[in-house]
Amino acid sequence: MSERVDERDLLPPPPDGARDPVVTVASLTKRYGDLVAVDDLTFSLRSGTVTGFLGPNGAGKTTTLRVLLGLAEPSGGEALAFGHRYRELEQPARRIGAVLESSDFHPGRSGRDHLRTLALAARLPSSRVDDVLALVELEPAADRRVRTYSLGMRQRLGLAGALLGDPELLVLDEPANGLDPAGVHWLRRFLRRFAERGRTVLVSSHMLAEAAQTVDHVVIIDRGHRVASGRLEELTEHGRTLEDVFLGLTGTTP
Amino acid sequence: MRAELRAELLRQRSTRTALGLFGAMLGLVLLAVLLHGLLPAESLGETHTQLLVFGRGEFLGALFAALLGAMSITAEIRHGTIRSTFLVSPRRERVVVAKVAVSVLIGAGFGLAAGALGVGVGAAALGARGIDVRLDGGDYALLVFGAAGAAALWAGIGVGVGALVRNQVPALIGICAWLLFVEGLLAGDLVGLGTVGRFLPGAAAAAVSGQDPQLLLAPAEGFVLLASYAAAWALAGAIAMSRRDVG
């Protein structure tokens, strides 16, 4: 199927002048030995959007995010944030906040100390630790060891870490995994408010019903390739649901 | 660099890992020195044997400092915190350098405590059996401060091992196996490395605390050699961490 939406739709609006896209992924390829995890992937994000980065398990979503965040090196092409490779950004925490795994904490360290180490490394004032703890409503548990946290609390602690530098771009990998309905609702409202202030969210997911309620743009990939991208409302016109589009494109229609 | 150092200091202070290792180390120093204190009186009366017995502090200090250094990296990989660490500090070689610096500092404390405990318990055990301690002030100073130096440098080796091996269990077992068996086998008659064995890193650490002056290097030579090992391991670890993808 050829559901490709015009590339121009994802570029920043011209009236603003020559503004760089927030994220530019260009011909990105990542190979692990013989396995091609990401294959010639191209897309870009403009500010003020919440973009769903969708695809089946193993499609290359997490790999793409890791390259974008400087944790993995591309085999070909590039993934830039604000026109730079992540590892070349000055004070990246002030520009980009990211959560890749919900369990990336030392179980014996308190939530507050986890955030304090990040704030020290990022040269942020310690008052930011209190700010983000309040923002994710984790103050009462802040001095407990993370081993006592529920999954939802860990997700919020991860988000607090990502928000420490008050970033312009938030990158989240499967943030709704394991959240209860109240948690999902909280996250959705949070992301919408974040984008309303002109900031940008890139959120990977394979939970389509949830994604359809949260995002305004989508990039769908399958086996490392982009199979569709554009505004959610354009992809889902003619009464089709995001699930219909997704299953049709990723060749998983029953 | 100051930001990375302050962050690493808090990272190591905010878990019980260092404290747990420290307690285990002190317990083992106590046990090892007391058990050696049961040796026959004629053997324990010799200066050479006394240096070896009191030097158990140096050996265990170096071992536990190395484990601490390795865990400063492998625990981050195991728990996934390495991702957020590298997101806020994308200059990874600075993160490794900060881990070396903080581990060397804490390692020196480990060595100092282990060395002092070894000397104290050893002297008390010998005194209780009525055996004269034949060590002088210079020997004591080497046993205590040499142990601090040896442990500090072994902590640096540990960081390098952790950065290269990455997986926590193999890294820790590797360090234990090397110091407890492998080096002894290599240096011993079994493999026949003979006098070359004194240039191995465990033997260099023993030399720093003044043990076995006939067989081992002089303390200063041992220190320089061990510092070279630590620098080489730390450098290799920093390069590996900078180049490899983070899973």
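Residues numbered from 1 in each chain as written. Chains lettered and ligands numbered in written order. Predicted model: local features only at pLDDT ≥ 70, side-chain atom pairs only at ≥ 80, totals over all residues.

### Concerning the overall build of chain B
Here comes step 1: Looking only at helices and strands, chain B features 11 helices and 0 strands.
Here comes step 2: The C-alpha radius of gyration of chain B comes to 18 Å, within 12% of the 18 Å expected for a compact globule of 247 residues.
Here comes step 3: Seen along its three principal axes, the alpha-carbon backbone of chain B occupies a region of about 60 × 40 × 30 Å.
Here comes step 4: A total of 247 residues make up chain B; the buried ones form 52% of that total.
Here comes step 5: A sequence separation of at least 24 residues applies to 81% of the contacts in chain B between residues at least 6 apart. (Helix = DSSP H or I, 4+ residues; strand = E, 2+ residues; numbered from the N terminus. Rg over C-alpha atoms; globule rule 2.2 N^0.38 Å. Buried ≥ 20, exposed ≤ 12 C-beta atoms within 10 Å, placed from the backbone. Contact = placed C-beta atoms within 7 Å.)

### Some thoughts on the packing of helix H7 (residues 92-128) of chain B against helix H8 (residues 137-165) of chain B
All names here are of chain B.
Here comes step 1: Where H7 meets H8, the closest approach of the two axes is 6 Å, and the angle between their N-to-C directions is 145 degrees. For the crossing formed where H7 meets H8, the hand is right-handed.
Here comes step 2: Class assignment of the residues belonging to the contact of H7 with H8 gives a composition of 22 nonpolar, 8 polar and 1 charged. (Axes fitted to C-alpha atoms, helices over the stretch in contact; angles between N-to-C directions. Left-handed = near helix turned anticlockwise from the far one by under 90°. Nonpolar A, V, L, I, M, F, W, Y, C, P; charged D, E, K, R; others polar.)

### Description of the sheet that holds strand S4 (residues 76-81) of chain A
All names here are of chain A.
Here comes step 1: Strand order across the open sheet formed by 3 strands is S2-S1-S4, with antiparallel pairing between neighbours. Of all the strands in the sheet, the pair left with one neighbour each is strand S2 (35-45) and S4. When the angles between neighbouring strand axes are averaged without regard to direction, this sheet yields 25 degrees.
Here comes step 2: As defined by bridge partners, strand S1 (residues 23-32) adjoins S4 across 5 bridges and the pair is classed as antiparallel. Counterpart to alanine 26 in the pairing with S4 is glutamate 78.
Here comes step 3: The sheet contacts of helix H1 (residues 61-68) involve S1, S2 and S4, and relative to S1 the element is tilted by about 115 degrees. (Pairing = 2+ DSSP bridges.)

### Description of helix H1 (residues 2-13) of chain B
Here comes step 1: Its 12 residues give H1 of chain B an end-to-end C-alpha distance of 17 Å, which sits within 8% of 16 Å, the value for a rise of 1.5 Å per residue.
Here comes step 2: For H1 of chain B, every residue scored as buried is listed here: Glu4, Ala7, Glu8, Arg11 and Gln12 of chain B. Around the axis of H1 of chain B, the buried residues are gathered within 130 degrees of arc, so they sit on the same side.
Here comes step 3: The inward-facing, buried residues of H1 of chain B contact helix H2 (111-121) of chain A together with helix H2 (17-36), helix H5 (56-79) and H7 of chain B. (Expected span 1.5 Å × (residues − 1). Arc of directions from axis to C-beta.)

### Some details on the sheet that holds strand S8 (residues 217-222) of chain A
Either a parallel or an antiparallel arrangement is found when strands of a sheet pair, and the pairing is made through backbone hydrogen bonds.
Residues and elements named next belong to chain A.
Here comes step 1: Spatially, 6 strands are ordered S5-S6-S7-S3-S8-S9 in an open sheet, and the strand pairing comes out mixed. The open sheet has two edge strands, strand S5 (96-99) and strand S9 (225-231), and neither has a second partner. Taken pair by pair, the neighbouring strands of this sheet meet at an average axis angle of 15 degrees, ignoring direction.
Here comes step 2: The pairing of strand S6 (residues 169-173) with strand S7 (residues 200-205) spans 5 bridges and is parallel. Residue leucine 170 lies in a different strand from S7, and its bridge partner there is valine 201.
Here comes step 3: Packed on one face of the sheet, H1 meets strand S3 (50-54), S6, S7 and S8 and runs near 145 degrees to S6.
Here comes step 4: Sheet strands touched by helix H5 (residues 181-196): S3, S6 and S7. Its angle to S7, the strand with the most contacts, is close to 150 degrees.

### Quick word on the interface of chain B and chain A
Here comes step 1: Counting residues at the interface gives 22 residues for chain B and 28 residues for chain A.
Here comes step 2: Going through the elements one at a time, H1, H5 and helix H6 (81-88) of chain B are the ones with two or more residues in the side of chain B that touches chain A.

### As for helix H3 (residues 127-135) of chain A
Residue and element names in this part refer to chain A.
Here comes step 1: Taken together, the buried positions of H3 are Arg128, Val129, Val132 and Leu133. For H3, the arc enclosing every buried residue in end-on projection is 135 degrees, short of the 170-degree limit, so these residues lie on one face. Exposed residues on H3 whose side chains face more than 90 degrees from its buried face are Ser127 and Ala134.
Here comes step 2: In this fold, the buried residues of H3 make contact with H2 and helix H4 (151-163).
Here comes step 3: Just beyond H3, the residue with positive phi is glutamate 137, at close to 55 degrees.

### Some points on the pairing of S9 of chain A
Here comes step 1: When you tally the buried positions in S9 of chain A, you get 5 out of 7 residues, the bulk of the element.
Here comes step 2: What sits between the antiparallel neighbours S8 of chain A and S9 of chain A is a turn of 2 residues, in which arginine 223 of chain A has the positive phi angle 50 degrees.

### Comments concerning unusual backbone geometry
Residues and elements named next belong to chain A.
Here comes step 1: Phi at arginine 123 is positive, roughly 55 degrees, even though this residue is not glycine.
Here comes step 2: Along the chain, arginine 123 turns up in the loop between H2 and H3.
Here comes step 3: Taking the C-beta count within 10 Å as the criterion, arginine 123 has 16 such neighbours and is therefore assigned partly exposed.
Here comes step 4: If you check the backbone angles, histidine 238 has positive phi at about 60 degrees while not being a glycine.
Here comes step 5: Within the secondary structure layout, histidine 238 lies in the loop between helix H7 (232-235) and helix H8 (242-249).

### Considerations on the nonpolar core
Here comes step 1: Residues Leu68 and Val171 of chain A together with Ala65, Ala66, Ala151, Trp154 and Ala155 of chain B are the most contacted members of the largest nonpolar core, which totals 155 residues.
Here comes step 2: Looking at which element gives the most residues to this core, the answer is H7 of chain B, with 17 residues.
Here comes step 3: In contact with alanine 151 of chain B, other than residues within four places in its own chain, are Gly61, Ala62, Ala65, Gly107, Ala108, Phe110, Gly111 and Ala114 of chain B. (Core = buried A, V, L, I, M, F, W, Y, C linked by C-beta atoms within 7 Å.)

### Considering the environment of glycine 48 of chain A
Here comes step 1: Along the chain, glycine 48 of chain A turns up in the loop between S2 and S3.
Here comes step 2: For the pair formed by glycine 48 of chain A and arginine 197 of chain A, sequence separation is 149 residues and the distance between their alpha carbons is 7.1 Å.

### Digging into the environment of glycine 80 of chain B
Here comes step 1: Relative to the helices and strands, glycine 80 of chain B is located in the loop between H5 and H6.
Here comes step 2: With 18 C-beta atoms counted inside 10 Å, the residue glycine 80 of chain B sits in the partly exposed group.
Here comes step 3: Distance in space between the C-alpha atoms of glycine 80 of chain B and glycine 247 of chain B is 8.8 Å, their sequence separation being 167 residues.
Here comes step 4: Residue contacts for glycine 80 of chain B: discarding those within four places in its chain leaves Glu101, Ser103 and Asp104 of chain A.

### Observations concerning the packing of H5 of chain B against H8 of chain B
Residues and elements named next belong to chain B.
Here comes step 1: Across the interface, H5 lies against H8 with an axial gap of 6 Å and an inter-helix angle of 30 degrees. With respect to H8, the element H5 is oriented roughly parallel. For the element pair H5 and H8, the recorded crossing hand is right-handed.
Here comes step 2: A class-by-class count of the residues in the contact of H5 with H8 yields 19 nonpolar, 9 polar and 1 charged. (Parallel < 35°, antiparallel > 145°, perpendicular 65-115°, else oblique.)

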